[in-house]
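Each chain, letter by letter, is given below.
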Amino acid sequence: MLLERPGLHKALFLFAFLFTLSPFASASLALFIGLGFALVLGNPVTDLSNTVSKWLLKIAVIGLGFNVNIEDVLAVGSSSVVLTVVSITATIGLGEILSQVFRLNRNTGTLISFGTAICGGSAIAAMAPVIKAKQDEIAISLSVVFALNALGLLIFPWLGHYFSLTESQFAIWSALAIHDTSSVVAAAAIYGPTALAMATTIKLTRAMWIVPYAAMAGVFSRSSERASIPLFIVGFVAAATINTWLPEYQGVWSVFYSGAKSVLVASLFLIGSGVSMTMLRQSGWRPFAMATVLWFIVSGVMLLLILDGLIAL
């Protein structure tokens, strides 16, 4: 019945989009609302939403930089450069191997690996335009990462207590093994105030590596035309620098950061709305299996290294 009334169909789509811009919608909720809309009612403006979502993703990545203090990040990062580079590179490398094992297309495997290695949805948002990922590849990658993200938020605090991790140990583990920054913060907040402060700083430090890794992906992808650093990555660095050098305007930067989070959430709705049953049948179980195996290996290895005292800050 609704599909026979295109005006009402589009109005409902617009209402759902505006809701995801509100403070009441989380990233995972927005994505799943978009998925539900697409699979039940269909996207009435597919081409427009695909175009808008790409621009919103770039804007969101830039705005997220207004919550990053470069000096704090460098202070923490200077003591863990080797660990960060080795762990990110190893995760991405393992992800590429598993992508071939599970026969995923290259872009989907890269996005899942990048999201697992650095910071979930934000990393996927940054990498997607660099490798020219298609909407279905972005949607599948985000769906997989958010599903595991939600699971990590639920089980990590319990596992931390089970293995008698200190708050500092849990902070390191959650920042290295949980995909998205928001879930790291939430899980660490459950564990304790020390874990919260430390995990947030570590995760933000890790997030800064979006820039060099995405830039390298641009350099090595397909043609020499990709050798330049994408402007939205430059914008991310600029936003972080402004946030650090002009603290007297922190109220303004907080507004920009909050706005960027809202824009990111809304863009996830648009991405989710681009999914179709045909796409899901084509993607199948392989992306979920690949991402789950990668996450279990990374989480398990990190936990063992932390328990053995080989990883500590």
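Computed from a prediction, not measured in an experiment: that's the story for all the values here.

Q: Would you mind going over the nonpolar core in detail, with residue names and values included?
A: Nonpolar side chains tend to gather and get buried jointly when the protein is soluble and globular. Ranked by internal contacts, the top residues of the largest apolar core, which has 60 residues, are Leu111, Ile118, Ile138 and Leu142. Those residues within four positions of Ile138 in sequence are excluded, and the remaining contacts are Leu111, Ile124, Ala128, Ala133 and Ile271. In this structure, Phe102, Leu165, Tyr191 and Ile306 belong to the second largest nonpolar core, which totals 36 residues.

Q: Now, about the layout of surface pockets: what can you tell me, with residues and values included?
A: If you add up the space inside the largest pocket, you get close to 730 Å³. Looking at the largest pocket, it is lined by 35 residues, and the ones nearest its centre are Asp180, Thr181, Ser182, Tyr257 and Lys261. For the lining of the largest pocket, the secondary structure elements donating two or more residues are α2 (27-40), α7 (120-130), α8 (135-162), α10 (181-191), α11 (193-207) and α14 (250-272). When residues in the lining of the largest pocket are grouped by element, the largest group, seven residues, is from α14.

Q: How would you explain the environment of Ser80 if you had to name every residue and give the values?
A: Following the sequence through the fold, Ser80 ends up in the loop between α4 (70-77) and α5 (81-101). Residue class for Ser80 comes out buried when judged on its relative accessible area of 8%. Sequence separation between Ser80 and Thr205 is 125 residues, and the spatial gap between their C-alpha atoms is 9.5 Å.

Q: I'd like a rundown of α2, residues and numbers included.
A: The periodicity of an α-helix, 3.6 residues per turn, causes residues three or four positions apart to be oriented the same way. With 14 residues, α2 should cover 20 Å at 1.5 Å per step; its first-to-last C-alpha distance of 20 Å lies within 8% of that length. Within α2 the residues assigned to the buried category are Ala30, Leu31, Gly34, Leu35, Phe37 and Ala38. The buried residues of α2 occupy one face: seen down the axis, they fall within an arc of 165 degrees. In this structure, the buried residues of α2 make contact with α1 (6-20), α8 and α14. Phi turns positive, to about 90 degrees, at Gly42, one or two residues after α2.

Q: Which residues make up the side chain of Ser113, and what values do they have?
A: One can find Ser113 in helix α6 (residues 106-117). Here Ser113 is in contact with Thr91, Ile92, Gly95, Glu96, Ser99, Met290 and Leu294, once residues within four sequence places are set aside.

Q: Before we move on, could you go through the side chain of Ser141 and cite the residues and values that matter?
A: In this structure, Ser141 sits in helix α8. With relative accessibility at 0%, the residue Ser141 sits in the buried group. Once you skip the residues sitting within four places of it in the chain, Ser141 turns out to touch Thr108, Leu111, Ile112 and Ile124.

Q: Now, about the packing of aromatic side chains: what can you tell me, with residues and values included?
A: Scanning the model with the defined rule gives 16 aromatic pairs in all. With 4.1 Å between their ring centres and 20 degrees between their planes, Phe156 and Trp173 make a pair best called stacked. Here Phe156 is found in helix α8, whereas its partner Trp173 is found in helix α9 (residues 167-177), with 17 residues between them in sequence. Of the residues examined, Trp173 reaches a relative accessible area of 2% and is grouped as buried. Members of the aromatic cluster, each reached through a chain of ring pairs, are Phe156, Phe170, Trp173, Tyr191, Trp295 and Phe296.

Q: Tell me about a nonpolar patch on the surface, and name the residues and values.
A: There is a patch of nonpolar side chains on the surface, built from Ile242, Trp245, Leu246, Tyr249, Val252, Val255 and Phe256 and spanning about 680 Å² of accessible area. Of all the elements in the fold, those that place two or more residues in the nonpolar patch are α13 (231-245) and α14. If one sorts the elements of the nonpolar patch by residue count, α14 sits on top with three residues. For Tyr249, the location among the structural elements is in the loop between α13 and α14.

Q: How would you summarise the environment of Leu83 if you had to cite specific residues and measurements?
A: The residue Leu83 is located in helix α5 in this model. Along the chain, Leu83 and Ala312 lie 229 residues apart, while their C-alpha atoms are 9.9 Å from each other. Not counting chain neighbours up to four residues away, the residues in contact with Leu83 comprise Leu176 and Ile311.

Calculation criteria
- Residues numbered from 1 in each chain as written.
- Predicted model: local features only at pLDDT ≥ 70, side-chain atom pairs only at ≥ 80, totals over all residues.
- Heavy atoms only, no water.
- Core = buried A, V, L, I, M, F, W, Y, C linked by side-chain atoms within 4.5 Å.
- Buried < 20%, exposed > 50% of the residue type's maximum accessible area, 1.4 Å probe, protein only.
- Contact = heavy atoms within 4.5 Å.
- 1 Å grid on protein atoms, 1.4 Å probe; cavity = no way out; pocket = protein on both sides within 12 Å on 5 of 7 lines; lining within 4 Å.
- Points joined across faces, edges and corners; volume = space filled by probe spheres on them.
- Helix = DSSP H or I, 4+ residues; strand = E, 2+ residues; numbered from the N terminus.
- Expected span 1.5 Å × (residues − 1).
- Arc of directions from axis to C-beta.
- Phe/Tyr/Trp six-rings, centres within 6.5 Å; stacked < 30°, edge-to-face > 60°.
- Patch = residues over 30% accessible without salt bridge, like charges linked within 9 Å, V, L, I, M, F, W, Y side chains within 5 Å.
- Areas by Shrake-Rupley, 256 points an atom, 1.4 Å probe, with all protein chains shown as cover.
- Salt bridge = Lys/Arg side-chain N within 4 Å of Asp/Glu carboxyl O.

From the geometry alone we can't say anything about function, so treat these as descriptive.
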